[in-house]
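# Remarks on the overall topology
What follows is each chain in one-letter form.
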Amino acid sequence: MTDYPFLMELWAARGAILNGLGLTVAVSLLAIVLGSILGLFVGIGLTYGGGMVRFALRCYTELIRGTPVFVLILACFYILPVTGIQTTAFQAGLIGLLLFCGSHVGEIVRGALQAIPRGQSEAGKAIGLSFSQNFVYVLMPQALRQILPTWVNAATEIVKASTLLSVIGVTELLLATQQVISRTFIGMPFYLFAGAIYFAINFAIEQLGRYAERKVSLP
Amino acid sequence: MTHPEASVATTAAAPALLRIQDLHKAFQTVEVLKGVDVTLARGDVVTIIGSSGSGKTTLLRCVNLLEEFQRGRIEIDGQAIGYREQGGRRVPCTGAEVARHRALTGMAFQQFNLFPHLTALRNVTLGLIKVRKLARDEAVAIAEKWLDRVGMLERRNHYPGQLSGGQQQRVAIARAVAMTPRLMLFDEVTSALDPELVNEVLSVVQGLAQDGMTMLLVTHEMRFAYEVSDRIIFMNQGRIEEEGPPADLFNQPKSLRLKEFLKTIKI
Ligand SMILES: Nc1ncnc2c1ncn2[C@@H]1O[C@H](COP(=O)(O)OP(=O)(O)O)[C@@H](O)[C@H]1O
Ligand SMILES: [Mg+2]
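Read on for a plain summary of the structure. (Residues numbered from 1 in each chain as written. Chains lettered and ligands numbered in written order. Predicted model: local features only at pLDDT ≥ 70, side-chain atom pairs only at ≥ 80, totals over all residues. Heavy atoms only, no water.)

## Let's talk about the state of the cysteines
Residues and elements named next belong to chain A. Basically, it comes down to this: Whenever a pair of cysteine sulfur atoms sits within 2.5 Å, that pair is classed as a disulfide. Exposed residues in this analysis have more than 50% of their type's maximum accessible area, buried residues have under 20%, and partly exposed residues fall in between, with area computed by a 1.4 Å probe over protein chains only.
Scanning all chains against the criterion turns up 0 disulfides over all chains. Cysteine Cys101 remains unbridged, with the sulfur of Cys76 as its closest cysteine sulfur at 14 Å. Residue Cys101 is classed as buried on the basis of its relative accessible area, which comes to 2%.

Right under this line is the structure:
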């Protein structure tokens, strides 16, 4: 038994590590889902909005995409309370991540919508579809197929960026692992273990993405 | 000046199916339609010919409200479309009204523009279900009838990517006519096709013409235009230069421009 101190410590710390994993999955999932919804509206606004709307959204996406996620998360953690918005560290980190996700997905959605040939929406209009019907039944299904691969990338970026929440004290998987390390003084195996879990999560996301791509691919 | 419904009543006595009056259309500062008048009675088949850039496509797109126009009036069955008079001013109709006006006409495009993510059948049923609000099985029955009509019933479950250009265009025509438009617009529906696929599409169009469908066509297939049309319109630089029965226009062109144009094409 004493020959395998790492496995013993891992077993002993399983609760803490599972909690960390749970937080990582929760914050990533929430950031991806909420950020994608935000990004969908941002992309629609960038494509169809008036001059002011587009300018405002352009400022948002350029600002966020030009800022390191690390800075973004710190900003949410330190600046939001100053503006009177009280958040927990988890909430502040989530806001940072979803703003990050929203700006990237917004750009992806805009690019996909603008890549659809103009004849498609004109054919929709010609059979009498309203703007929203045209969007839902003609444009978005085509845009989604193009969005999927890049969207999967964005999702894996969010999972990786969730490790940055450790610096504002959210005990997600990385911080949970570091806490175990500082107690057990077993460094490398635990880091490798955490790394393997992140890899597994992103591998699963990518496989899921590939599967979805195959499902919706057109002959 | 008058409410759209009121104008229906006033012109109902002599109902032209399509009446275009003094149509002006400019892209920014470039005027591409410089006062065009066209009238089609029910059942008329009228073909627009003219060299590239003369404004044929733009005219059709205005009728289907895919383009705004700055002056003039387009009426379908006496109802002004796209714009209305309000307090003496000309105002664009709302999106919902425009969608309703568009449903009065059907359009077939040079590039087919089938929806690539839907099968041939679903391309046709989409409008029937979402715009005409038909039940699915009712829509399918109508769509199958039209797909059969254009010889595409067997391939109803194929996606556009699995069909030849001629087959795609036939499905696109079925998609448009299934909506029972009062007027069909065909814009060079065979120009993007390989030569051996042209006839299968033209015979579909000809069949619709024989059934009494009112249509306004643009084509470079002069023999076809000659055979199918009640009248030919020759457009030149945004204006109608000459108009009349095919025999007159093709055999005794009056204007110099038309003579020159006919020389450049083979019939
Ligand atoms: N979207 C557009 N923006 C600017 N100019 C256009 C546009 N569409 C067409 N035009 C111009 O309008 C003129 C008429 O074009 P079009 O109606 O397509 O002619 P045709 O169908 O007879 O070849 C051409 O000079 C063309 O360059
Ligand atoms: Mg044209």
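We are not done yet, so read on.
## A word on helix H6 (residues 165–177) of chain B
Which entries qualify depends on this criterion: Strands here mean DSSP runs of E at least two residues long; helices mean DSSP runs of H or I at least four residues long; both are numbered from the N terminus. How far a helix is expected to stretch is found by multiplying one less than its residue total by 1.5 Å.
Between the first and last C-alpha of H6 of chain B there are 18 Å, a value that for 13 residues agrees with the 18 Å anticipated at 1.5 Å per step. Where burial is concerned, most of H6 of chain B is hidden: 13 out of the 13 residues are buried.

## A short note on the sheet that holds strand E10 (residues 215–218) of chain B
Residues and elements named next belong to chain B. The line we're drawing: Any two strands between which DSSP finds at least two bridges are classified as paired. Axis definition: a line fitted to C-alpha atoms, limited for helices to the stretch in contact. Angles are taken between N-to-C directions and run from 0 to 180 degrees. The contact criterion used is simple: two residues touch if any of their non-hydrogen atoms lie within 4.5 Å.
Here 6 strands make up an open sheet; going across it, the order is E8-E9-E10-E3-E11-E12 and the pairing mixed. The open sheet has two free edges, formed respectively by strand E8 (105–108) and strand E12 (239–244), since each of these has just one partner strand. Averaged over all pairs of adjacent strands, the angle between their axes in this sheet comes to 20°, without regard to strand direction. One ladder, built from 4 bridges, connects strand E3 (residues 45–49) with strand E11 (residues 231–236); its direction is parallel. Note that in E11 the partner of Val46 across the bridge is Arg231. Sheet strands touched by helix H7 (residues 195–210): E3, strand E9 (183–187) and E10. Its angle to E10, the strand with the most contacts, is close to 155°.

## Observations regarding the pairing of E12 of chain B
Residues and elements named next belong to chain B. Pairing analysis gives 5 bridges linking E11 to E12, with the strands arranged antiparallel. The residue of E12 that forms the bridge with Ile232 is Gly244. Linking E11 to E12, which pair antiparallel, is a turn of 2 residues; within it Gln237 sits at a positive phi near 50°.

## Some thoughts on the packing of helix H6 (residues 118–126) of chain A against helix H7 (residues 131–161) of chain A
Residues and elements named next belong to chain A. Defined as follows: Any angle from 65 to 115 degrees is called roughly perpendicular, while one under 35 is roughly parallel, one over 145 is roughly antiparallel, and all others are oblique. In this scheme the crossing of two helices becomes right-handed for a clockwise turn of the near helix relative to the far one and left-handed for an anticlockwise turn of less than a right angle. Gly is put with the polar residues, along with every residue not named as nonpolar or charged; the nonpolar set is Ala, Val, Leu, Ile, Met, Phe, Trp, Tyr, Cys and Pro, and the charged set is Asp, Glu, Lys and Arg.
Orientation of H6 relative to H7, taken along the N-to-C sense of each, is 160°, at an axis distance of 10 Å. When the interaxial angle is binned, H6 and H7 end up roughly antiparallel. Judged by the twist between their axes, the crossing of H6 over H7 is right-handed. Contacts between H6 and H7 involve Gln120, Ser121, Gly124 and Lys125 on the former and, on the latter, Asn134, Val138, Leu139 and Gln142. Split into classes, the residues belonging to the contact of H6 with H7 amount to 2 nonpolar, 5 polar and 1 charged.

## A short note on unusual backbone geometry
With a phi angle near 60°, Phe185 of chain A is a residue other than glycine that sits in the positive phi range. Residue position: Phe185 of chain A is located in the loop between helix H8 (173–184) and helix H9 (188–216). Look at Glu188 of chain B: it is not a glycine, yet its phi comes out positive at around 45°. Tracing the sequence through the fold places Glu188 of chain B in the loop between E9 and H7. The exposure class assigned to Glu188 of chain B is buried, which follows from its relative accessible area of 11%.

Everything listed here is a matter of coordinates, which is why it stays silent on function.
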